[in-house]
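What the coordinates show
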Amino acid sequence: MSKKHLHNQAAIPLAPAVFKKPQLRPMIAEYDPKRKGVKNDLSDVVMVKYKVDPNEIPVEQQAGSTLPLMEIPGRDIEADEDYNPFEHRKLAHPTSDMDTLIHLLKGSLGSGILAMPMAFMNAGLYFGLVATFMIGGICTYCVHVLVKTSHELCRRIQKPSLGFAETAEAAFLSGPPAVHKFSRLAKAMINWFLVIDLLGCCCVYIVFVSKNVKQVVDYYAKDNNWLPNNLDERIYMVALLPLLISMNLIRNLKYLAPFSMIANLLVATGMGITFYYLFQDIPSVSTRETFAGFERLPTFFGTAIFALEGIGVVMPLENNMKTPTHFIGCPGVLNTGMFFVVSLYALVGFFGYLKFGPATAGSITLNLPDYEVLGQSVKLMIAVAIFFTYSLQFYVPMEIIWKNVRHLFGARKNLAEYSIRIILVILTLCTSIAIPNLGPFISLVGALCLSFLGLIFPAIIETVTFWDRPNGLGRFNWVLWKNMFLVCFGILGFLTGSYVSILDIISGKE
């Protein structure tokens, strides 16, 4: 058949009965030719850290897709391999390897480091050391799985980049036909687990701030009649409410960025002073338990994964890199960053438990002497830093929730948004008042949310992505067996960690 004949055939309009409407997937992002950049919604990008560029747009928002509505991916494997997503990324301010490493360290080194001595107390000195590196290695491997799968999906659907939730959606759309219908559910589950996780962190922050401030006030109140002495910490939580509401009515990241810088400086200074105390008069290792027992391992797991799991920052950082192939290479930005993160967490946990033993509190700052000005200053500095961090943690869940409900309010969107912000702040405060036990609360958040986000979802996404590809699951289906182990490990940690944490909360155990 000649080319001319084919052209004439193509020009003949098809009858409606013959035309088959292609399956379309929901638009994730679209390219804006006027701005020569990407416009999308913040809630489509899974992120927990907030670097703001001069355009007042989170850097993570600039790394979205450039393709609108598109068909469900086919099975043309050769065409997949021909597309290089890294060549099609349009980034206004791409980050270097060193910039990405710094952001990864900043995103992973959170308040969870203060809870690592408590984690070691629930595991034992040496077992905790080994188990921390083991969990850190598993978490890092799951990040590798997620990033590698995201790259594969970018090639398949020919999009330059994908966020965490977008990767899950694309995996189910490009996987076996039987799972296509679950694509929207997969994306929604990741976003909502992120909402629960970050709001849970906000609750932990309220408890943390109130406990540290209470210790300092109680010390000075003993000799001063004009200061309230030994008030319930819930009163301190309620006193924080006006400040929390005021801070979280700020909707622009540009105005929150300075508070993030202040928080980073305070945390760095506070941790430096904390190490000064940890290395003074260190007891013998023989005075501490080598292994704390199996019954406390779920609490250790929940606390450790709460501290170590930084998977929420990974995809935004990788999507914004100038050389994304360096992210999961060897040694690679991810391996280098996570090695320092896990080592530092293990160091704090080991020497924190060695120093304070059975008296180790939910946050290491609570063990610092309240009769010394230096120890008091650490508690106040970390408390102020965590208070500022609350607003940044609150930003993403608010954006995700607002995106899903804003269409309900018509012309009164501003009033509705401010009202929802206030209601969510009050909700986190009420939860903190109901659960003032810091240690079990941290373990519960880690076991409940991060088991899914950090372990279960990456394994499921990889399995679905490579299920029907030739040799996609490896020889003897080793990828499937490996991912089944990760899912089972995550579910076991979720069930046991949540159960033990809830029992500790009910019993009032710290």
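Bear in mind that the values here come from a model prediction, so they are computed numbers and not experimental data. Counting from 1, residues in each chain are numbered in the order their sequence is written. Residues qualify for local features only when their pLDDT is at least 70, as the model is predicted, and side-chain atom pairs are given and counted only at 80 or more; totals for whole chains, interfaces and linings, by contrast, use all residues. Hydrogens and waters are ignored; side-chain quantities use all the structure's heavy atoms.

Section: a nonpolar patch on the surface
Taken together, the side chains of Tyr 499, Ile 502, Leu 503 and Ile 506 make up a nonpolar region of the molecular surface, amounting to roughly 430 Å² of accessible area. Secondary structure follows DSSP: runs of H or I at least 4 residues long count as helices, runs of E at least 2 residues long count as strands, and numbering of each begins at the N terminus. Structurally, the position occupied by Ile 502 is in helix α16 (residues 478-507). Overall, the relative accessible area of 40% leaves Ile 502 in the partly exposed class. Two distance rules govern patches: like charges are joined within 9 Å, and nonpolar side chains (Val, Leu, Ile, Met, Phe, Trp, Tyr) within 5 Å, applied only to residues with over 30% relative accessible area and no salt bridge. In short, Shrake-Rupley with a 1.4 Å probe defines the accessible areas, and a residue's cover is counted only from the protein chains shown. Should a side-chain nitrogen of Lys or Arg be within 4 Å of a carboxyl oxygen of Asp or Glu, the pair is scored as a salt bridge. When accessible area is computed with a 1.4 Å probe and restricted to protein chains, residues below 20% of their type maximum are described as buried, those above 50% as exposed, and intermediate ones as partly exposed.

Here's the deal with unusual backbone geometry
The backbone phi angle of Asp 281 is positive, close to 50°, even though this residue is not glycine. Structurally, Asp 281 is set in the loop between α9 (253-278) and α10 (297-308). Of note in this structure, Phe 476 is not a glycine but carries a positive phi near 60°. Turning to its location among the elements, Phe 476 is positioned in the loop between α15 (438-466) and α16.

A look at the packing of aromatic side chains
The aromatic pairing rule takes the rings of Phe, Tyr and Trp, using the six-membered ring of Trp, and pairs them if the centres are within 6.5 Å, calling planes under 30 degrees apart stacked, those over 60 edge-to-face and the rest tilted. Here the structure, examined in full by the defined rule, presents 19 aromatic pairs. With 5.1 Å between their ring centres and 80° between their planes, Tyr 219 and Tyr 220 make a pair best called edge-to-face. Accessibility expressed as a relative area gives 25% for Tyr 219, which makes it partly exposed. Here the aromatic residues Tyr 126, Phe 275, Phe 279, Phe 350 and Phe 351 are joined through ring pairs into a cluster of three or more. We call a charge positioned over a ring when the NZ of a Lys or the CZ of an Arg lies within 6 Å of the ring centre and within 35 degrees of the ring normal. Just above the ring of Phe 466 sits the side chain of Arg 156; from NZ or CZ to the centre is 5.8 Å.

What to know about the nonpolar core
Formed by 129 residues in total, the largest nonpolar core has its most connected members in Phe 164, Ile 190, Tyr 390, Phe 394 and Leu 453. Contacts are assigned to residue pairs that have any heavy atoms within 4.5 Å of one another. In contact with Phe 394, other than residues within four places in its own chain, are Leu 199, Cys 202, Asn 248, Arg 421, Leu 424 and Val 425. The nonpolar core is taken to be a set of buried Ala, Val, Leu, Ile, Met, Phe, Trp, Tyr and Cys residues, with the residues joined through side-chain atoms within 4.5 Å.

Concerning the packing of helix α5 (residues 125-157) against helix α12 (residues 332-356)
The axes used here are C-alpha line fits, helices contributing only the stretch in contact, and every angle between their N-to-C directions lies in the interval 0 to 180 degrees. Where α5 contacts α12, the two axes come as close as 10 Å, and the packing angle between them is 160°. When the interaxial angle is binned, α5 and α12 end up roughly antiparallel. Here α5 runs over α12; the crossing is right-handed. Contacts between α5 and α12 pair Leu 125, Tyr 126, Leu 129, Thr 132, Phe 133, Gly 136, Thr 140, Val 143 and His 144 from the former with Leu 334, Asn 335, Met 338, Val 342, Ser 343, Ala 346, Phe 350, Tyr 353 and Leu 354 from the latter. Residues were grouped as follows: Ala, Val, Leu, Ile, Met, Phe, Trp, Tyr, Cys and Pro as nonpolar; Asp, Glu, Lys and Arg as charged; and all remaining residues, including Gly, as polar. Partitioned by chemical class, the residues of the contact of α5 with α12 number 12 nonpolar, 6 polar and no charged. Every angle not falling under 35 degrees, over 145, or within 65 to 115 is termed oblique; those three ranges are roughly parallel, roughly antiparallel and roughly perpendicular. Note on convention: near helix rotated counterclockwise from far helix by under a right angle means a left-handed crossing. Clockwise means right-handed.

Describing the environment of Ile 460
By secondary structure assignment, the location of Ile 460 is in helix α15. For Ile 460, a relative accessible area of 32% puts it in the partly exposed group. On a C-alpha basis, the gap between Ile 460 and Ala 171 in space is 9.3 Å, while along the polypeptide they are 289 residues apart. In this view, Ile 460 contacts Phe 172 and Val 487; residues no more than four positions away in its chain are not counted.

Let's talk about the pattern of salt bridges
Summed over the entire model, instances satisfying the criterion amount to 11 salt bridges. Close ionic contact of Lys 211 with Glu 233 constitutes a salt bridge, the shortest N to O distance being 3.0 Å. With Lys 211 in helix α7 (residues 183-221) and Glu 233 in helix α8 (residues 233-248), this pair connects stretches of sequence that are 22 residues apart. Per residue, the accessibility class of Lys 211 equals that of Glu 233, and both read buried. One network of salt bridges, with partners in common, ties together Lys 148, Glu 462 and Lys 482.

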